[in-house]
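Spelled out from the first residue to the last, the chains are:
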Amino acid sequence: MVTTGLGPRRSAVLRLLVVAVALAGALIGGLGGAAPASAHAALTGSTPVQGSVVDHAPEQVTLTFSEGVAMGDNSIRVLDPRGKRVDRGKLLNLSSGNVVKYGAGLPPGLGNGTYTVTWQAVSADSHPVSGAFTFSVGAPSKATAPVPQQKAGGGLVGALYGVARYLAYTGFVLLVGGAAFVVACRPAAALVRSVQRLVVQGWALLAGTTVAMLLLRTPYTGSGDLADVFDLAGLQQVLVTKPGAALVSRLLLLAAAALFVAVLFGTFARLHEPASQEPTPGEGPATGEEPVPGEERTAGQPAAGSAPGKTERADSGEEGTDAAGQPAVEAADLARQRRDLTFGLAFGGVIVAAGLAATWALAEHASTGLQTAVAMPVDVLHLLAVAAWLGGLAALVVSLYWGPPVERRAVRRFSRIAFGSVLVLVATGVYQSWRQVGSWRALTDTTYGWLLLLKVGLVVVLVGIAWVSRRWTGRLTEVRGAEKDVAEEDVAEEDEEAEDEEAEDEEAEDEEAEKDREAEKAAVGALAATDAVTASASPTASAPPSSDRTPDRTPDGTPDESPDPARAAQLARQQAALRTARTKRQRDADPERLALRRSVLAEASVAVVLLVVTTVLTATEPARTEEAVKARSGGQSIASSGPQVLKIPFDTGGPGGKGTARLDLDPGRSGSANALRLRITDPSGKAVDVPEVKVSFTQKAKKIGPLPIAPKHLGKGQWRADGVQLPVPGQWQLSLLVRTSDIDQVTEIKNVKIG
């Protein structure tokens, strides 16, 4: 088998793919960065309520979630005003029916003050979630309990896990789609080196990322420390969870997939090898293509369906069944072997591919929420359709650019499979969208809805480009149609160049031989003169053997003219370059195939970006869940939170009493430790100091506060307060007191929205 490259066009292809990868990276950075906040299980209620003030210490703290979660004894921690843990350290499972509720017991005799509750869990779709809130006993007090600044699943570990998830999807698509392209569309592609590399690299990518995700699960759902990937105790705990079991199952299925790939590119490929690997004049190198219907064969050339190494025997002079019947029997036997192996690979490949897809369906969105018994099979079909379309597209790209000419019927087979895959994607996608979104309004009011609209837009673009590719497919001629004349011209040109090179070599060799003969004659004459002198001086001396007088000569008396190895290697390289150039010209001779390659490459570039959006979408809280949380929290959404910046003009009425206070509250979220930064400037914008500033927050709707904040003076006109806790989302009233002298002060009131 000989595969060819496309040197002049390789840079253009790589540039387009680099642009697609750059867009994918931008989406990972821009969209994936929000993933830690896009939890799939949400806290929908608690007892005591966030920010509430109770007369007596409760016996336990309970948390209610929107869907099933996995928690342990250390998942709920209650800290007193000094930051000391006061809960009993034992998780209470209070769930019943469709209500998901967990709690932590408290000892009797807790004192008054503000208590902090921190919690962390793993949602049913494998994503970690965490949060914190406060409640007070008797009256609010200053709380010094440390609150984690990083959300679960965030930081470097979260980014690495997100990249691994994307690469796992990519490996699955390349492995399944590439193998399906070979079995269902173009069996001869099993002999194409670029297709082999694509499928094997897809398998290796999926296997490597699965192992990486298995090791990252411990820090991803727990501490967030990358060093914990080597925590064997944590790995043991991961293995008994649903996501861990799904990853282990994926590894076992990949072992079966390795056997499938070995048979595909071993026995299956050998059955589809051309009858002879030696190119005959006018045919060029063996490429592993399937024979073209209607193609004529020269005398003595083996039939298109004959087994490797078996040739027709008609030219040997034998008669009867040995000459005519035997090749037909061999061809029928080979066809049967191909048919049986194709069926076996197709059947086994579908089972393995469905099993791999199920490892996602059993551990992510489809495994929780509405109609899970329907949603999981639908999700498997969705993933298989994506792989058949996009993975087959990738195999077609590498075949068109880095392989022998692709047959028309192979492209048409893939076009039909791609069309069927799109129909399956539309049907399953509509169901999944209804299940995860729930309403038209959620498409524009939630992050999940926006991402879903972006994905739909990319699919529409991809289908549009595929329609263009389908038009070019309808115009294709068979491989030997447009390229035959070019191939003949190339072969003639190669033969002429080879003859010229041989003639030049013969002339050079004749000249060298003539020079050798002249030098030999001179040496023989000089030796004869010496012998004569020696003989006259010593008549009894015997003449030396003739072999010593004629070095470097063959037994028949001609000079030794063995071929030069360096020259032979150079000729081999030149012939390989000529074959490569000829194959390239064969491909470029057909304008329809050239246009098809370009449109298919554009499809593949859009598919790269589409796969990134899909990965981010699976890590985002479903719109139905987000809308439910909004409804239960008075219309406020955690996802709507963000840093708050307020500019508050003031005038205390005294000398130098005018100015502006800029207040930044980051991240502006309830249940989290917020950082408050305050800067005071005079009317000209210059930072100025004042004797006193005070800040407080009040939630009148729920009768919370005022909660006083005491910012520390950092420098001229600069104050800061860390760990600001606002227990509930909603509209808060901010009170800012500024005193510029002993008697001049003013209090300004502003409203601030906290998510």
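Residues numbered from 1 in each chain as written. Predicted model: local features only at pLDDT ≥ 70, side-chain atom pairs only at ≥ 80, totals over all residues. Heavy atoms only, no water.

Caption draft 1: Layout of the overall build of the protein chain. The secondary structure content of the protein chain amounts to 16 helices and 18 strands. Looking at the protein chain as a whole, 45% of its 755 residues qualify as buried. Considering only intrachain contacts with a sequence separation of at least 6, the fraction spanning at least 24 residues in the protein chain is 72%. When the accessible surface of the protein chain is split by element, carbon and sulfur atoms take 58% of a total near 36800 Å². (Helix = DSSP H or I, 4+ residues; strand = E, 2+ residues; numbered from the N terminus. Buried < 20%, exposed > 50% of the residue type's maximum accessible area, 1.4 Å probe, protein only. Contact = heavy atoms within 4.5 Å. Areas by Shrake-Rupley, 256 points an atom, 1.4 Å probe, with all protein chains shown as cover.)

Caption draft 2: Seen up close, the packing of aromatic side chains. Counted according to the given criterion, the structure contains nine aromatic pairs. Between tyrosine 169 and tryptophan 360 the ring centres are 5.2 Å apart and the planes differ by 15 degrees, which places this aromatic pair in the stacked class. Residue tyrosine 169 is found in helix H2 (residues 155-185), and its partner tryptophan 360 is found in helix H7 (residues 321-361); the two are separated by 191 residues along the sequence. For the residue pair tyrosine 169 and tryptophan 360, the accessibility class agrees, reading buried in each case. Where tyrosine 401 meets tryptophan 402, the ring centres are 5.9 Å apart and the plane angle is 45 degrees; that geometry is what we call tilted. Following the ring pairs from residue to residue traces out a cluster consisting of Tyr169, Phe172 and Trp360. Over the ring of tryptophan 360 we find arginine 250, and its NZ or CZ is 3.8 Å from the ring centre. (Phe/Tyr/Trp six-rings, centres within 6.5 Å; stacked < 30°, edge-to-face > 60°. Lys NZ or Arg CZ within 6 Å of the ring centre and 35° of its normal.)

Caption draft 3: How the structure looks around the packing of helix H3 (residues 193-221) against helix H5 (residues 242-264). Between H3 and H5, whose axes approach to 10 Å, the crossing angle comes to 160 degrees. It follows that H3 is roughly antiparallel to H5 by the angle criterion. In terms of crossing hand, the pair formed by H3 and H5 is left-handed. Counting all contacts with H3, which are made through Val199, Val200, Trp203, Leu206, Ala207, Thr210, Val211, Met213, Leu214 and Arg217, the residues of H5 involved are Pro243, Gly244, Leu247, Val248, Arg250, Leu251, Leu254, Ala257, Ala258 and Val261. For the contact of H3 with H5, the residue count by class is 16 nonpolar, two polar and two charged. (Axes fitted to C-alpha atoms, helices over the stretch in contact; angles between N-to-C directions. Parallel < 35°, antiparallel > 145°, perpendicular 65-115°, else oblique. Left-handed = near helix turned anticlockwise from the far one by under 90°. Nonpolar A, V, L, I, M, F, W, Y, C, P; charged D, E, K, R; others polar.)

Caption draft 4: Structural context of the environment of tryptophan 360. Residue classification places tryptophan 360 among the buried residues on the basis of a relative accessible area of 3%. Considering only alpha carbons, one finds tryptophan 360 and aspartate 125, 235 residues apart in sequence, at a separation of 9.5 Å. Beyond its immediate sequence surroundings of up to four residues, tryptophan 360 is in contact with Ala168, Tyr169, Phe172, Leu206, Arg250, Asp379 and Leu383.

Caption draft 5: Fine view of the side chain of threonine 170. Considering the arrangement of structural elements, one finds threonine 170 in helix H2. With relative accessibility at 17%, the residue threonine 170 sits in the buried group. If near-sequence neighbours (up to four positions away) are discounted, threonine 170 is found in contact with Leu205 and Leu611.

Caption draft 6: Highlighting the pairing of strand E18 (residues 745-754). Sheet topology places strand E17 (residues 730-739) next to E18; 10 bridges connect them, and they run antiparallel. Bridge pairing in E18 links arginine 739 to glutamine 745. In this structure, the hairpin formed by E17 and E18 is closed by a connection of five residues. (Pairing = 2+ DSSP bridges.)

Caption draft 7: Spotlight on the environment of serine 599. By the element assignment, serine 599 lies in helix H15 (residues 591-618). With 131 residues separating them along the chain, serine 599 and valine 468 place their C-alpha atoms 7.1 Å apart.

Caption draft 8: Highlighting the pattern of salt bridges. Applying the stated criterion across every chain, the model contains 10 salt bridges. Close ionic contact of arginine 85 with aspartate 87 constitutes a salt bridge, the shortest N to O distance being 2.8 Å. A salt bridge links arginine 336 to aspartate 333, with the shortest nitrogen-to-oxygen separation between them at 2.8 Å. With a gap of three residues between them, arginine 336 and aspartate 333 both fall in helix H7, about one helical turn apart. Its relative accessible area of 31% is what places aspartate 333 among the partly exposed residues. (Salt bridge = Lys/Arg side-chain N within 4 Å of Asp/Glu carboxyl O.)

Caption draft 9: Structural detail: the nonpolar core. If you look at the biggest cluster of nonpolar residues, it comprises 94 residues, and the most contacted ones within it are Phe172, Leu175, Leu206, Leu264, Trp389, Leu396 and Phe414. For leucine 206, the contacting residues outside a window of four places in its chain are Ala168, Gly171, Phe172, Leu175, Arg250, Leu254, Leu356 and Trp360. Among the nonpolar cores identified, the runner-up in size contains 28 residues, and Ala661, Ile680, Val690 and Ile704 belong to it. (Core = buried A, V, L, I, M, F, W, Y, C linked by side-chain atoms within 4.5 Å.)

Caption draft 10: Examining a nonpolar patch on the surface more closely. A cluster of nonpolar side chains, Leu239, Val240, Val248 and Leu252, forms an exposed patch at the surface whose accessible area comes to about 380 Å². Looking at the element boundaries, leucine 252 is found in helix H5. (Patch = residues over 30% accessible without salt bridge, like charges linked within 9 Å, V, L, I, M, F, W, Y side chains within 5 Å.)

Caption draft 11: View of the packing of H2 against helix H8 (residues 372-402). Two elements in contact, H2 and H8, have axes separated by 6 Å at closest approach and are oriented at 70 degrees. Considering their axes alone, H2 and H8 lie roughly perpendicular with respect to each other. Counted together, Tyr169, Phe172, Val173, Leu174, Val176, Gly177, Gly178 and Phe181 of H2 and Leu383, Leu384, Val386, Ala387, Ala388, Leu390, Gly391, Gly392, Ala394, Ala395, Leu396 and Ser399 of H8 form the full contact between these two elements. Along the lines of polarity and charge, the residues of the contact of H2 with H8 split into 15 nonpolar, five polar and no charged.

Caption draft 12: Region of the structure containing the side chain of asparagine 674. With respect to the helices and strands, the residue asparagine 674 is situated in strand E12 (residues 673-681). Apart from the residues within four sequence positions on either side, asparagine 674 is in contact with Leu665, Asp666, Pro667, Gly668, Arg669, Ala721, Asp722, Gly723, Val724 and Leu726.

Caption draft 13: Structural detail: the sheet that holds strand E14 (residues 704-709). Read from one edge of the open sheet, four strands run E14-E13-E17-E18, paired in antiparallel fashion. Each edge of the open sheet carries a strand with a single partner, namely E14 and E18. The sheet shows a mean angle of 20 degrees between the axes of neighbouring strands, direction not considered. Bridge count for strand E13 (residues 692-699) against E14 is four bridges, and the pairing is antiparallel. Along E14, the bridge assignment pairs phenylalanine 697 with leucine 707.

Caption draft 14: Region of the structure containing unusual backbone geometry. Of note, the bond from threonine 47 into proline 48 is cis; its omega dihedral lies within 30 degrees of zero at 0 degrees. For proline 48, the location among the structural elements is in the loop between strand E1 (43-47) and strand E2 (53-54). With an omega dihedral of 10 degrees, the bond running from glycine 705 to proline 706 counts as a cis peptide bond. By secondary structure assignment, the location of proline 706 is in strand E14.

Caption draft 15: Local environment of the environment of alanine 257. Among the secondary structure elements, alanine 257 is positioned in helix H5. Each C-alpha atom of the pair alanine 257 and glycine 349 lies 7.8 Å from the other, and the pair is 92 residues apart in sequence. For alanine 257, the residues in contact, after removing those within four places along its chain, are Leu175, Trp203 and Val352.

Caption draft 16: Spatial organisation of H3. Here H3 contains 29 residues, and its C-alpha end-to-end distance of 41 Å stays within 8% of the 42 Å for a straight helix at 1.5 Å per residue. Along H3, the sharpest kink reaches roughly 35 degrees, centred on leucine 215 and followed within four residues by the proline proline 219. (Expected span 1.5 Å × (residues − 1). Bend = angle between axes of the 7 residues up to and from the residue.)

Caption draft 17: Highlighting helix H9 (residues 408-437). Relative to the 44 Å expected for 30 residues at 1.5 Å per residue, H9 spans 42 Å between its end C-alpha atoms, a close match to the ideal helical length. Looking one or two residues beyond H9, the residue adopting positive phi is glycine 438, at roughly 90 degrees.

Caption draft 18: Region of interest: the sheet that holds E12. Pairing in this open sheet of five strands is antiparallel, and the strands run E10-E11-E12-E16-E15 from one edge to the other. The two strands at the open ends of the sheet, each matched to only one other strand, are strand E10 (644-651) and strand E15 (712-715). Across the sheet, the mean angle separating the axes of adjacent strands is 25 degrees when strand polarity is ignored.

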